[in-house]
Amino acid sequence: VNTRKHPLGIPPPSEKDWPKEDEEDFFLLDPDRKRDVLPQPFRMINKLVMQVFESAMEIIERREMLREAQKLKVQPRKCFPTAEFQVTERANCLAVSGKYVFVGLSVGLAAFNTCDFKDVHAWDAAKTEICAIHASDLGNECHVLLAADEMGLAWLFCFHKESFVLIKILNEVEDISQRSTCVEALLSRGGDYAGILLQGNTKAWLEIYQLPKDSWLREMEKNTGVAEELACSERRSSCSSEVGTFLLQERPVSATQADVELDLPVLLLTVRPPKPITGTSFKGPLDALKEVDDGSTLGLGYNHLIKDSQWELQEAIFCSTYQEYLEAEGVTTEEIPRHATFHFLLPSRILMGPEMKVQADIPVGIGVHWDGNHNFCLYLLNHSLNEKADSDLQPDVVWPCAAPIACSAVSSCSRYLALAGEDATITIWDKHLGYPLSVTAILEERFIRSIHFL
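Residues numbered from 1 in each chain as written. Predicted model: local features only at pLDDT ≥ 70, side-chain atom pairs only at ≥ 80, totals over all residues. Heavy atoms only, no water.

Some details on the overall build of the chain
Next, step 1: When helices and strands are tallied, the chain shows five helices and 20 strands.
Next, step 2: Looking at the chain as a whole, 34% of its 454 residues are labelled buried. (Helix = DSSP H or I, 4+ residues; strand = E, 2+ residues; numbered from the N terminus. Buried < 20%, exposed > 50% of the residue type's maximum accessible area, 1.4 Å probe, protein only.)

What follows is the structure, given as structure tokens:
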């Protein structure tokens, strides 16, 4: 029996097991530094390759982060056309009313039905190019259209039973040299009012028309009955004709074929741009107070006590102080504005009195601001017809702004009004209460060209 006298142990290393080279750094050698033993050209190439790989990994990680962030965003819905309308001419504009799509063509108008996507009717009697069109549903398959052509004429149509009826050219005159150009047209929601902005040789003005849509509907109903009776009589006469005669095509009598006489629109308001502010004609403060007491509107800046000499003195002081800037920019003279933006406004506390009886969906006023002007003017639509020819129609309410108004927008409910000034500030007004809700300043040196409610 072989018995072990001593416990097992780890024998100490012998010197013959040690490596002969790098004996001092044997236990302290870094494994990553083994590449340092390479010659110098190989070490430089290794560093360049590692930098390329690290840069590539950074680019890959950055792209992966952008891809993940893009997945978290709301993806826009892709919409594809469900139908196609074929037109014979170039389409310039379109408007939708009810189940019809009205298209302004390079020659005339065309109406399409959205139910079967077919061409319903076309109008090209005047051979004119339609550049802008607005449409509104009057009910009972009747629609009113307001179109502007390339010559600046404003055409008012009534579309009923798949036929166009020309009511009137609003700015037509016998003398062509006296004709004014329509630069903008607008229909109120529901077709109760129409507005056109006209420009002459030296001036511009806004005309607001009241549309007798109730009488139009009654006349169209009566005319439809007459047309049906004529069609029935034609069918009876065709049936009683001699044997061997066949009716190849029966064409119903449309509203345009019968003698349709619709009531003309009534000119309700003529709004002209504000006149430049000049020196006062009052002899004292009492005269100015009397003018205000007579019902003249505050806010336009006309009823002041500044004389012409004071204006001239102030202008001379300003020119002498900022002469170098005026020479660089050039002197600009104040001109009467020739373009305006207007909106039809529904009833609110600002536009209606306590005893006024109005309907919630019918406009009671318009809001107008002229280019380069600080004031947003509100006009009531309940003026008597005797006042329509007044060339100096004064606004009923004036909202002065700190800077000239560049553009404006009204919400779909007609309660909120957005005014964007030339100083890049946007003010949201509550039209029912008459005070601003918020004022937002955009970046400096920015000009706001359009603004919309979503």
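Observations concerning the nonpolar core
Next, step 1: Core analysis: the largest hydrophobic core is formed by 25 residues, its most contacted members being Leu146, Leu156, Ile196, Leu211, Trp216 and Leu262.
Next, step 2: Every element with two or more residues in this core is listed here: strand S6 (142-149), strand S7 (154-160), strand S8 (164-169), strand S9 (181-187), strand S10 (193-199), strand S11 (204-210) and helix H2 (213-239).
Next, step 3: Among the elements that line this core, the one with the most residues is S6, at four residues.
Next, step 4: Setting aside its immediate chain neighbours within four residues, Leu146 contacts Ala132, Ile133, His134, Trp155, Leu156, Leu170, Ala185, Leu186, Leu187, Ala194, Gly195 and Ile196. (Core = buried A, V, L, I, M, F, W, Y, C linked by side-chain atoms within 4.5 Å. Contact = heavy atoms within 4.5 Å.)

Details of the pairing of strand S20 (residues 435-441)
Next, step 1: Of the pairings in the sheet, the one linking strand S19 (residues 425-430) to S20 comprises six bridges and is antiparallel in character. Across the sheet, Trp429 pairs through a bridge with Pro436, a residue of S20.
Next, step 2: Two successive antiparallel strands, S19 and S20, enclose a turn made up of four residues, where Gly434 displays a positive phi of approximately 85°. (Pairing = 2+ DSSP bridges.)

A closer look at the pattern of salt bridges
Next, step 1: Inspection of the entire model under this criterion finds seven salt bridges.
Next, step 2: For Glu129, the salt bridge is made with Arg90, and the minimal N-O distance between the two is 2.6 Å. Taken together, the positions of Glu129 in the loop between strand S4 (118-123) and strand S5 (130-139) and Arg90 in the loop between helix H1 (40-72) and strand S1 (91-97) put the pair 39 residues apart, joining distant regions of the chain.
Next, step 3: Owing to a relative accessible area of 49%, Arg90 belongs among the partly exposed residues under this scheme. (Salt bridge = Lys/Arg side-chain N within 4 Å of Asp/Glu carboxyl O.)

What to know about the sheet that holds S10
Next, step 1: With antiparallel pairing, the four strands of this open sheet are ordered in space as S9-S10-S11-S12. With one partner strand each, in any of the chains shown, S9 and strand S12 (266-271) form the two edges of the open sheet. Each neighbouring strand pair of the sheet contributes to a mean axis angle of 20°, computed without reference to strand direction.
Next, step 2: Both S11 and S12 contribute to a ladder of five bridges, which runs antiparallel. What sits directly across from Gln210, in S12, is Val266. (Axes fitted to C-alpha atoms, helices over the stretch in contact; angles between N-to-C directions.)

Considerations on the side chain of His143
Next, step 1: Within the secondary structure, His143 is located in strand S6.
Next, step 2: The class for His143 is buried, based on a relative accessible area of 3%.
Next, step 3: Among the polar contacts made by the side chain of His143, one reaches the side chain of Ser97 at a distance of 2.7 Å.
Next, step 4: In this structure His143 touches Ser97, Gly98, Tyr100, Phe102, Ser136, Asp137, Leu138, Phe157, Cys158 and Phe159, once residues within four positions along its chain are discounted. (Polar contact = N/O pair within 3.5 Å; in protein donor to acceptor, adjacent residues only side chain to side chain.)

With respect to the pairing of strand S13 (residues 340-345)
Along a regular strand, successive side chains alternate from one face of the sheet to the other.
Next, step 1: In terms of residue burial, S13 counts as a mostly covered element, since six of its six residues are buried.
Next, step 2: Every second residue of S13 is oriented toward a common face, with Ala340, Phe342 and Phe344 on one face and Thr341, His343 and Leu345 on the other, all of them buried.
Next, step 3: Strand direction decides the pairing type here: S13 and strand S14 (residues 365-370), joined by six bridges, are antiparallel. Across the sheet, the residue bridging to His343 is Gly367, located in S14.

Comments concerning a nonpolar patch on the surface
Next, step 1: Nonpolar side chains collect at one region of the surface, where Met44, Ile45, Leu48, Val49 and Phe53 lie side by side and expose about 490 Å² of accessible area between them.
Next, step 2: Relative to the helices and strands, Leu48 resides in helix H1. (Patch = residues over 30% accessible without salt bridge, like charges linked within 9 Å, V, L, I, M, F, W, Y side chains within 5 Å. Areas by Shrake-Rupley, 256 points an atom, 1.4 Å probe, with all protein chains shown as cover.)

Quick word on the packing of aromatic side chains
Next, step 1: Summed over all chains, the structure comprises 13 aromatic pairs.
Next, step 2: Ring centres 6.4 Å apart and planes at 80° place the aromatic pair Phe342 and Phe344 in the edge-to-face group.
Next, step 3: One aromatic cluster is present, built from ring pairs that chain together Tyr100, Phe102, Trp123, Trp155, Phe157, Phe159 and Phe164.
Next, step 4: Above the ring of Trp205, the side-chain terminus of Lys203 is found at 5.9 Å from the ring centroid. (Phe/Tyr/Trp six-rings, centres within 6.5 Å; stacked < 30°, edge-to-face > 60°. Lys NZ or Arg CZ within 6 Å of the ring centre and 35° of its normal.)

Section: the side chain of His369
Next, step 1: By the element assignment, His369 lies in strand S14.
Next, step 2: With relative accessibility at 0%, the residue His369 sits in the buried group.
Next, step 3: Among the polar contacts made by the side chain of His369, one reaches the side chain of Ser408 at a distance of 3.0 Å.
Next, step 4: Other than its neighbours up to four places away in sequence, His369 contacts Ala340, Thr341, Asn375, Phe376, Ile405, Ala406, Cys407 and Ser408.

Here we look at the sheet that holds S19
Next, step 1: Across the sheet, which stays open at both edges, the four strands sit in the order S17-S18-S19-S20 with antiparallel pairing between neighbours. Each edge of the open sheet is held by one strand with a lone partner, namely strand S17 (405-410) and S20. For this sheet, the mean angle separating the axes of adjacent strands, direction not counted, is 20°.
Next, step 2: Pairing analysis gives five bridges linking strand S18 (residues 416-421) to S19, with the strands arranged antiparallel. Bridge pairing in S19 places Leu417 opposite Trp429.

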